[in-house]
Amino acid sequence: MLALIILALPVSYKLADLEKISLNDTVRAGLPGQFIELPLGAVHYVLAGPEDGPTVVLVHGFSVPYYIWDENVEALTAAGFRVLRYDLYGRGFSDRPEGSYDLGFFASQLEGLLSALNIPGPVNLVGLSMGGPIIARFANDYPAQVRSLILIDPEVAPVSTQRIFPLNLPLVGEYFMAVYLAPVMLPKTQVDDFYEPENYPDWEAKYRVQLQYQGFRQAILATIRVQPEMDALGEFESVGSRDLPTLLIWGREDKTVSFDDIQQLVEVTPGIELHIIEEAGHIPQYERPEVINPLLVEFLRKANGLPTP
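This part takes up the pattern of salt bridges. This structure, assessed with the given rule, holds 11 salt bridges. Ionic pairing is found between Glu19 and Arg217, a salt bridge with its closest N-O pair at 3.8 Å. With Glu19 in the loop between helix H1 (2-16) and helix H2 (25-28) and Arg217 in helix H9 (residues 216-226), this residue pair connects regions lying 198 residues apart in the sequence. Two residues, Glu278 and Arg252, come together in a salt bridge whose shortest N-O distance is 2.8 Å. Of the two residues, Glu278 sits in the loop between strand E8 (273-277) and helix H12 (284-287) while Arg252 sits in the loop between strand E7 (246-251) and helix H11 (259-268), which places them 26 residues apart along the sequence. Of the residues examined, Arg252 reaches a relative accessible area of 37% and is grouped as partly exposed. In the salt-bridge network here, residues are joined through shared partners; they are Asp25, Arg28 and Asp95.

Rendered as structure tokens:
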């Protein structure tokens, strides 16, 4: 029986493998958005809005790529802001380079992207979920390049080694990621981020698009494995020690980030402006744009010294 199980492992691994396409120039030519080469690989991005407007950079979370901001870009560009959104390495249409996939890795990617696009600082950073500690790390590493921060349901609490077990085990983690987490669990649980998931029937299908490109599993697994080392609260505390305009938005029905997490963040970030959004889950900017967009525009106008209509 044991021998049969061992023989079945590679078969199940191959059957579950969704990564059939290698991201290359030919494939990218048929994809939306723009691409730019950085030292670690190509980055997929979309830049919109007036060239002379203050720059707002939208940084997505753990695994849902750039389309997570679809409901916000038009409102920001209409208000006169130049808006940059992009895919973190390993997600969406960006390359999947080898690396530690820690906060420093992602902060370096953002710095390289801004430099390659010749976007001068300071910029305004908006981070969702894991994007929150990423932009906090960027603000700590490159303080002169940041004008303001907006944190939307940011990741705060530490992740224990026990919580990611057995993904932290060599080979075991790779197998579990290939046969279950990537093809089944991750796509199906994305709707849990909504307060009313029934309103988004195509959400899983949108997410699955990125799963066909080689390297997605490796990147997600690499990110999971370094999470116990990530000190999000420490990054926020460092940011809080400076007089940096910071807006915090949290969905009341968030199942990922608790109110206790939000309270801890507020405590270490003096002067932070908190807005709690009713009837919204982990991605309120997508679920309640009619509430969120005016908050973003008002805060950004004030942070950039622009008149408020």
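There's plenty left to go through after this.
Looking now at H11. Turning to H11, its buried residues number three or more, namely Asp261, Ile262, Leu265 and Val268. Each buried residue of H11 sits inside an arc of 130° when the element is viewed along its axis, so together they form one side. Along H11, the residues that are exposed and aim more than 90 degrees away from the buried face are Asp260 and Glu267. Those residues of H11 that are buried lie in contact with strand E6 (146-152), helix H10 (232-240), E7 and E8.

The next point concerns the packing of aromatic side chains. Under the defined criterion, the tally for this structure stands at 17 aromatic pairs. Consider the rings of Tyr101 and Phe105, whose centres lie 4.5 Å apart with planes at 35°: the pair is tilted. Of the two residues, Tyr101 and Phe105, neither departs from the other in class, the shared state being buried. Three or more aromatic residues joined by ring pairs make a cluster, and in this case those are Tyr66, Tyr67, Phe93, Phe194, Tyr200, Trp203, Tyr213 and Tyr286. Over the face of the ring belonging to Phe62 we find Arg91, whose NZ or CZ atom lies 5.7 Å from the ring centre. Stacked on the ring of Tyr67, the Lys or Arg Lys206 has its end atom at 4.5 Å from the ring centre.

Rules and cut-offs
- Residues numbered from 1 in each chain as written.
- Predicted model: local features only at pLDDT ≥ 70, side-chain atom pairs only at ≥ 80, totals over all residues.
- Heavy atoms only, no water.
- Salt bridge = Lys/Arg side-chain N within 4 Å of Asp/Glu carboxyl O.
- Helix = DSSP H or I, 4+ residues; strand = E, 2+ residues; numbered from the N terminus.
- Buried < 20%, exposed > 50% of the residue type's maximum accessible area, 1.4 Å probe, protein only.
- Arc of directions from axis to C-beta.
- Contact = heavy atoms within 4.5 Å.
- Phe/Tyr/Trp six-rings, centres within 6.5 Å; stacked < 30°, edge-to-face > 60°.
- Lys NZ or Arg CZ within 6 Å of the ring centre and 35° of its normal.

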